[in-house]
Amino acid sequence: MLWLTLTSLNITPSLVGRALGSVRSASAVSGAIQSALGHHKALAEYVEHYAGLCNPDALHVCDGSEGEYTTFMETMVEDGSMFKLNEAKRPNSYLARSDPRDVARSEESTFISCVNEEDAGPTNNWRDPVEMKATMANLYKDCMVGRTMFVVPFSMGPIGGPISHIGVQLTDSMHVAASMRLMTRMGKAPLEALGTDGEFVKCMHSVGYPLADGKADVAWPCDPDNKYITHYPEENLAESYGSGYGGNSLLGKKAFALRLASAMGKREGWLAEHMLILGVTNPEGKKKYVAAAFPSACGKTNFAMLEPTMPGWKVECVGDDIAWMKFGPDGKLYAINPENGFFGVAPGTSMGTNPNAMRSLDRDCIYTNVAMTADGDVWWEGMTEETPEGMTNWLGEPHNPASNTPAAHPNSRFTVPIANCPVLDPNFEALEGVPIDAIMFGGRRPTTIPLVHEAFSWNHGVLMGASVASEKTAAATGDDIGEIRHDPFAMLPFCGYNMGDYFQHWIDMGKTEGAKLPSMYLVNWFRQDPETGKFIWPGFGENSRVLKWIFERTDGVTDNAAKTPIGYVPTPDALDTDGLAGITNDELTELLRVDPDAWQREINQSDEYLTSTFGPKLPAELKNEIESLKKSF
Ligand SMILES: *[C@@H]1O[C@H](CO)[C@@H](O)[C@H](O)[C@H]1NC(C)=O
């Protein structure tokens, strides 16, 4: 473990800035930093630049070792920023409670800073990069006084793989440095892989709570009134300030792996997507891989590791959130999960909804904002039917079961290494990724959209992705039933450039010479009985029946689908319903029904949204798809 503290280097706490009669020259500091960073000149310059600006007391280059992680956790338990959970119940696991003003991703504080505003597009907050850098430099000035700056080298994807990329995060949060070890391949190995001139993505982060003039630290330092998560896609740089929560601070995730990577993929001819990846194996042992995009609250994590209800079928998880995809030499689209851990929403996760997630959480977790039981274990709404007595809520107060406030924050999280997943796919570490046979899109739609249908073509599938939406249901709001919220490709908050250009990039990927394109599907687990409002499809493990149909479609079976104006829909007997309880033939018919009137309204609605939002940036190919759908009725 390398603790490169300034004291141990016998130099003043000012790296580049103030020279307080230092016994060592700035060049000696530079030399020490360079040697700690493997003499990678650009990396040393990056570290020196921000260290000079932020003025930390010490610098720590993370090696990613278990010893280092243990030291981090012990240090945080000691200073009160982390609770050690009951070792007998939840080994090697910890709980952190955030500042109540810092509990989620902050979309209103998330920016895309590129030279031309049009390149950020209508769905992003654009800022001029020069102005934004000045704002950030102002905030970063001396923001790490009294703190350590952690240098966190990490690889997104298996180190050295053709789809993988390396990033280096700078942060003044030990919690973030520790979490990066759970979420990425972090430390010495990616640093060595960089060599002396390897390319890396810059991820700069500060919680924004300097400890000047003896100011005492707090358990969850942040600057809630000055949050910025800003991205410079033209420079492979993200800068974040003021938040220590989730994607605001673990910059490998949404900031790098989606916002910056989507722009890299556009430039370099690959895809960075908000998609889970799973492998599905039939009883004969044949295996296929599927990537799937769903907006939030559509059961993505549950689907990524579902337990099939059909005997002999197996589902294995490659990833639950992000897919990077590139065409391989054989023309197939290969995908990796760039992450190395799960950062999932805790409430609602149970042995009933997601047994494999629950089994992943037995040990080695960092929990944030869940409730703690009287015996030092964790709890959240939905975990068990009964609410345990004597809990401490996410704010650290005694939980009052009679109150209407939840014990765990609705966005409370678990952070856990993916190796803990009992159904982790054996090809998770495959350098070249896994070959994708099908791409699925889904939304939460009480009406209109059948359980599953297959696109006629790649471009039609791109239109499906662009039209992804969720509809508010009666249960959610009461009065604005029918309001449709569009979330193209489930990428709305995550596309780092103009989403019209993003659609065009998908279209262009489909024109790749020699490509063997995956088939595309739209699914909807949430269709409701128009009379009773009850969900018709049981969902969860039963979704494997839809996977089976998709498996068979991609395997060349053709007599299992009816051609409708909107695509191929399973014939009623093509869906395996053996052992599927509680669903009548009429309900099955309703689930698969394509209502021409509702669909014409649907197409008009998508057209109106896409045209009014993206204007001239809406690709001609998508306009053609819309027109031909309109004519097909
Ligand atoms: C859809 O829009 C077309 C014009 O593009 C219009 O003629 C038609 O009536 C609309 N259909 C529905 C069901 O709203």
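The structure displayed is predicted, hence computed values, not measured ones. (Residues numbered from 1 in each chain as written. Predicted model: local features only at pLDDT ≥ 70, side-chain atom pairs only at ≥ 80, totals over all residues. Heavy atoms only, no water.)

Concerning the overall build of the protein
Move 1: Within the protein, the secondary structure is distributed over 18 helices and 28 strands.
Move 2: In terms of overall size, the protein behaves like a compact globule, its C-alpha atoms giving a radius of gyration of 25 Å where 633 residues would be expected to give roughly 26 Å.
Move 3: Dimensions of the protein along its principal axes, counting C-alpha atoms only, are 80 × 60 × 50 Å.
Move 4: Across the 633 residues that make up the protein, the buried fraction comes to 60%.
Move 5: Sequence-distant contacts in the protein: of pairs separated by 6 or more residues, those separated by 24 or more amount to 74%.
Move 6: If you sum the accessible surface of the protein, you get close to 24200 Å²; carbon and sulfur atoms cover 50% of it.
Move 7: Here the protein contributes 52 positive and 82 negative side-chain charges, whose respective centroids are spaced 2 Å apart. (Helix = DSSP H or I, 4+ residues; strand = E, 2+ residues; numbered from the N terminus. Rg over C-alpha atoms; globule rule 2.2 N^0.38 Å. Buried < 20%, exposed > 50% of the residue type's maximum accessible area, 1.4 Å probe, protein only. Contact = heavy atoms within 4.5 Å. Areas by Shrake-Rupley, 256 points an atom, 1.4 Å probe, with all protein chains shown as cover. Lys, Arg positive; Asp, Glu negative; His and termini not counted. Charge placed at Lys NZ, Arg CZ, Asp CG, Glu CD.)

A word on the confidence of the model for the protein
Interpreting fine coordinate detail is not advised for predicted regions of low pLDDT.
Move 1: In the predicted model, the protein carries a mean pLDDT of 94, and 94% of its residues have values of at least 70.
Move 2: Long-range and interchain partners of residues 1-24, a stretch whose pLDDT sits below 50, account for 51 contacts in this model, where long-range means more than four residues apart. (pLDDT = per-residue confidence, 0-100.)

Topic: the pairing of strand β22 (residues 434-442)
Move 1: Counting buried residues along β22, eight of its nine residues qualify, which places the element largely inside the surrounding structure.
Move 2: Bridge count for strand β13 (residues 287-293) against β22 is five bridges, and the pairing is parallel. Within the sheet, the bridge partner assigned to alanine 291 lies in β22 and is isoleucine 439.
Move 3: Summarising the sheet, strand β16 (residues 333-336) and β22 pair through two bridges and their orientation is antiparallel. From the neighbouring strand, tyrosine 334 faces β22, where its bridge partner is proline 435.
Move 4: Inspection of the sheet shows β22 paired to strand β26 (residues 519-523) by five bridges, in the parallel sense. (Pairing = 2+ DSSP bridges.)

Examining the UniProt feature "domain: Phosphoenolpyruvate carboxykinase GTP-utilising N-terminal" (unreviewed entry) in the protein
Move 1: Here, the residues flagged by UniProt with the feature "domain: Phosphoenolpyruvate carboxykinase GTP-utilising N-terminal" (unreviewed entry) are residues 45-265.
Move 2: Here residues 45-265 runs as 34% helix and 21% strand, with 26 Å between its end C-alpha atoms. (UniProt positions renumbered as here; feature names shortened; annotations may be inferred.)

Here's the deal with the pattern of salt bridges
Move 1: Taken as a whole, this structure holds 37 salt bridges when the rule is applied.
Move 2: Salt-bridge contacts for lysine 286 lead to aspartate 555; the nearest nitrogen and oxygen are separated by 2.7 Å. Taken together, the residues span a long stretch of sequence, with lysine 286 in the loop between β12 (276-281) and β13 and aspartate 555 in the loop between α15 (544-554) and β27 (561-564) at a distance of 269 residues.
Move 3: Residue classification places lysine 286 among the partly exposed residues on the basis of a relative accessible area of 40%. (Salt bridge = Lys/Arg side-chain N within 4 Å of Asp/Glu carboxyl O.)

Looking at helix α14 (residues 499-509)
Move 1: Counting buried residues along α14, nine of its eleven residues qualify, which places the element largely inside the surrounding structure.
Move 2: Of the positions making up α14, those classed as buried are Met499, Gly500, Asp501, Tyr502, Phe503, His505, Trp506, Ile507 and Met509.
Move 3: The N-capping residue of α14, defined by a side-chain oxygen 2.8 Å from the backbone nitrogen of glycine 500, is asparagine 498. (Polar contact = N/O pair within 3.5 Å; in protein donor to acceptor, adjacent residues only side chain to side chain.)

Quick look at unusual backbone geometry
Move 1: A positive phi angle, close to 55°, is found at histidine 39, a residue other than glycine.
Move 2: Tracing the backbone through its elements, the reader meets histidine 39 in the loop between α1 (26-36) and α2 (41-54).
Move 3: Phi angles above zero are rare outside glycine, and alanine 297 is one such case at about 65°.
Move 4: Inspection of the secondary structure assignment puts alanine 297 in the loop between β13 and α10 (300-304).

Points about the site of the ligand
Move 1: Surrounding the ligand, one finds Gln600, Arg601, Asn604 and Lys630.
Move 2: Between the ligand and asparagine 604 there is a distance of 2.3 Å, counted from an oxygen atom to a side-chain nitrogen or oxygen.
Move 3: Lysine 630 is positioned with one of its side-chain polar atoms (N or O) 3.4 Å from an oxygen atom of the ligand.
Move 4: Contact with the protein chains covers 35% of the free accessible surface of the ligand, which is 360 Å².
Move 5: Broken down by element, the residue count for the shell around the ligand peaks at three residues, all from helix α17 (residues 596-614).
Move 6: For the shell around the ligand, the per-class residue count stands at no nonpolar, two polar and two charged. (Near = heavy atom within 4 Å. Nonpolar A, V, L, I, M, F, W, Y, C, P; charged D, E, K, R; others polar.)

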